[in-house]
2 protein chains.
Amino acid sequence: MKPELKIFKIGGGIIDREADLMEFVRLFAKIDGPKILVHGGGKGASDMMKNLGIAPQLVNGRRITDAAALDIVTMFYAGKTNKQLVAALQGRGVNALGLSGADGNVILATKRPVREIDYGFVGDLNEASVNSGLIQQFLHLELTPVFCAINHDGHGQLLNTNADTIAASLAKALSKEYAVSLHFCFEKRGVLEDISDDNSVIEKITLNNYGELKESGIIADGMLPKLENAFEALQFGVSKVVIEHALHINEELKTTLWLN
Amino acid sequence: MKPELKIFKIGGGIIDREADLMEFVRLFAKIDGPKILVHGGGKGASDMMKNLGIAPQLVNGRRITDAAALDIVTMFYAGKTNKQLVAALQGRGVNALGLSGADGNVILATKRPVREIDYGFVGDLNEASVNSGLIQQFLHLELTPVFCAINHDGHGQLLNTNADTIAASLAKALSKEYAVSLHFCFEKRGVLEDISDDNSVIEKITLNNYGELKESGIIADGMLPKLENAFEALQFGVSKVVIEHALHINEELKTTLWLN
């Protein structure tokens, strides 16, 4: 039997509210066994760009990561947020190790090719991107890796990658050696049947009812790519994908995804 | 015989000039055997504080690290500079691992006690600060640790520590297991006999002639704490301390310090 590994991803909303972030840290610290944390960025980076007079670059409504933006997100994600989380986890007795993909070359990304849009310094991942050997060594040393959304191309260039994508890629790569559960944490207790009712959590979604939920519009917007990532991870051998509230990871009510 | 370990410290000046920093990376990448890099911060952090309208806090002419300043230096040192260096080293084939003291709890600092001056979030180190066991594990994994000047207190608080102090503390702690040479790199080829003549390098300084050099004023200002750190490191068992030009680490002309 493979050993268990739990991978948690937290997003921007919770990072912006320090009290909530510290409450998540408290709950995450209590989770037994090998675990990994992946964090996105908060709106601190955009706020700082605004304060510095750096206008966000948008093309067709999509955010472009130019050199100035990359600098700022690297500072926030790999600097402020990552180290704040690592120090807080250490304060709770978790031997956290902050990582970008460049550190130990643990994640190697490819700059997104320029087609209709040049997204700038955005890094895409593929099946060979995750260096699972070194991550396993860190886990054997009883370290808890804490990944930010900054990777590199192996030639000296840093790249910004979506944090959901990083979490799913880690889960897939590490599922060869571990029974991985992948936890997407956000500000609801799961996928809601009725968006206005926080308790209307759909507790189980399979590939079968996923189609219906999409067609009926219950699953839409930001939840769609999250679930696409999730089902792909399950198909690659990840044991379980959970969508849950970052401040209630210790409670039962959540959405669990299964292939069938 | 202990295995060799080379610890290099680079300062702020070189970090501000990207072409120089990349030349240092090229030279550092060529150094054989286990090695560690410690970097200070450039003036990017002060520039950004200025741009954001955050006034530097000075008491009796000494810089105070308040919460706003700590945020910015954490972003620059642990974020931008550390990840830029790690990515550039990876591009040169060095498996660099960026670290603050909080990561893996490798360096545990103590907030400087408030006496006449409250320095704010400044971390002092003592003999037990360096977790040399985990650093050795990283070296056994053929990783090259890259330390920034951010540490933590073990209770969730990040702290800023002088990079020379970090380099010397690492050298002392690791000298139990390694024959450590500690390299302070800056913008001169060593300690100069005549400050206006870049080639007047004093190639050897011992504890004996150090006193004379201080009295004659040849060693003054910023060089004094560097040399105090250096001799203390030698007394703790560090094999060799070198003061040299960051862009000429591959050349012979440099200052080497010995106990006698």
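None of the values given here were measured: they were computed from a predicted structure.

Procedures and definitions
- Residues numbered from 1 in each chain as written.
- Chains lettered and ligands numbered in written order.
- Predicted model: local features only at pLDDT ≥ 70, side-chain atom pairs only at ≥ 80, totals over all residues.
- Heavy atoms only, no water.
- Least-squares fit on C-alpha atoms with pLDDT ≥ 70 in both.
- Contact = heavy atoms within 4.5 Å.
- Buried area = accessible area lost by both parts, 1.4 Å probe.
- Salt bridge = Lys/Arg side-chain N within 4 Å of Asp/Glu carboxyl O.
- Polar contact = N/O pair within 3.5 Å; in protein donor to acceptor, adjacent residues only side chain to side chain.
- Helix = DSSP H or I, 4+ residues; strand = E, 2+ residues; numbered from the N terminus.
- 1 Å grid on protein atoms, 1.4 Å probe; cavity = no way out; pocket = protein on both sides within 12 Å on 5 of 7 lines; lining within 4 Å.
- Points joined across faces, edges and corners; volume = space filled by probe spheres on them.
- Pairing = 2+ DSSP bridges.
- Axes fitted to C-alpha atoms, helices over the stretch in contact; angles between N-to-C directions.

Trainee: For this particular structure, what's the right way to read the relation of the copies chain A and chain B?
Mentor: Comparison of the two chain copies shows a relationship of rotation about an axis with a shift along it. Taken as rigid bodies, chain A and chain B are interconverted by a rotation of 180° and an axial shift of 0.0 Å, the fit giving an RMSD of 0.0 Å. What the superposition gives is, in effect, a two-fold axis relating one chain to the other. The rotation axis passes nearest to the C-alpha of Gly79(A) in chain A, at a distance of 1.8 Å. Comparing contact sets, 100% of the residues at the interface of chain A also lie at the interface in chain B, consistent with an isologous, same-surface contact.

Trainee: Got a minute to help me understand the interface of chain A and chain B in this structure?
Mentor: Bring the parts together and some accessible area is lost; that lost area is often taken as the interface size. Facing the 39 residues of chain A at the interface are 39 residues of chain B. When chain A packs against chain B, close to 2800 Å² is buried across both sides, 71% of that on carbon and sulfur atoms. At the surface where chain A touches chain B, the tally comes to 4 salt bridges. One salt bridge connects Asp103(A) with Lys83(B), and the closest N-O pair in it is separated by 2.9 Å. There are 10 residue pairs in polar contact (both at pLDDT 80 or more) connecting chain A and chain B. When contributions to the side of chain A that touches chain B are tallied by element, the ones reaching two or more residues are helix H3 (44–51), helix H4 (67–91), strand S5 (96–99) and helix H5 (132–140) of chain A. If one sorts the elements of the side of chain A that touches chain B by residue count, H4(A) sits on top with 16 residues.

Trainee: Can you walk me through empty space enclosed by the protein in this structure?
Mentor: Residues and elements named next belong to chain A. Tallying each qualifying case throughout the model produces 1 cavity of 30 Å³ or more. Computed from the structure, the largest cavity encloses a volume of approximately 30 Å³. Along its surface, the largest cavity is lined by Gly11, Gly12, Gly13, Ile14, Cys185, Phe186, Glu187 and Ala246. Here the lining of the largest cavity gets 3 residues from one element, more than from any other, and that element is helix H1 (residues 12–16).

Trainee: What should I look at first to understand the sheet that holds strand S5 (residues 96–99) of chain B in this one?
Mentor: Across a sheet, strands are paired by hydrogen bonds formed along the backbone, either parallel or antiparallel in direction. All names here are of chain B. Ordered by their spatial adjacency, 8 strands build an open sheet running S5-S8-S2-S1-S11-S13-S14-S12, and the pairing between neighbours is mixed. Since the sheet does not close on itself, it has two edges, and those belong to S5 and strand S12 (204–206), each with one partner. Each strand axis lies, on average, 20° off the axis of its neighbour in the sheet, ignoring direction. Of the pairings in the sheet, the one linking strand S11 (residues 179–186) to strand S13 (residues 240–245) comprises 6 bridges and is parallel in character. Among the inter-strand pairings, phenylalanine 184 is bridged to a residue of S13, identified as isoleucine 243. Where helix H2 (residues 18–29) meets the sheet, it contacts strand S1 (4–10), strand S2 (35–39), strand S8 (144–147) and S11, and its direction lies at approximately 165° from that of S2.

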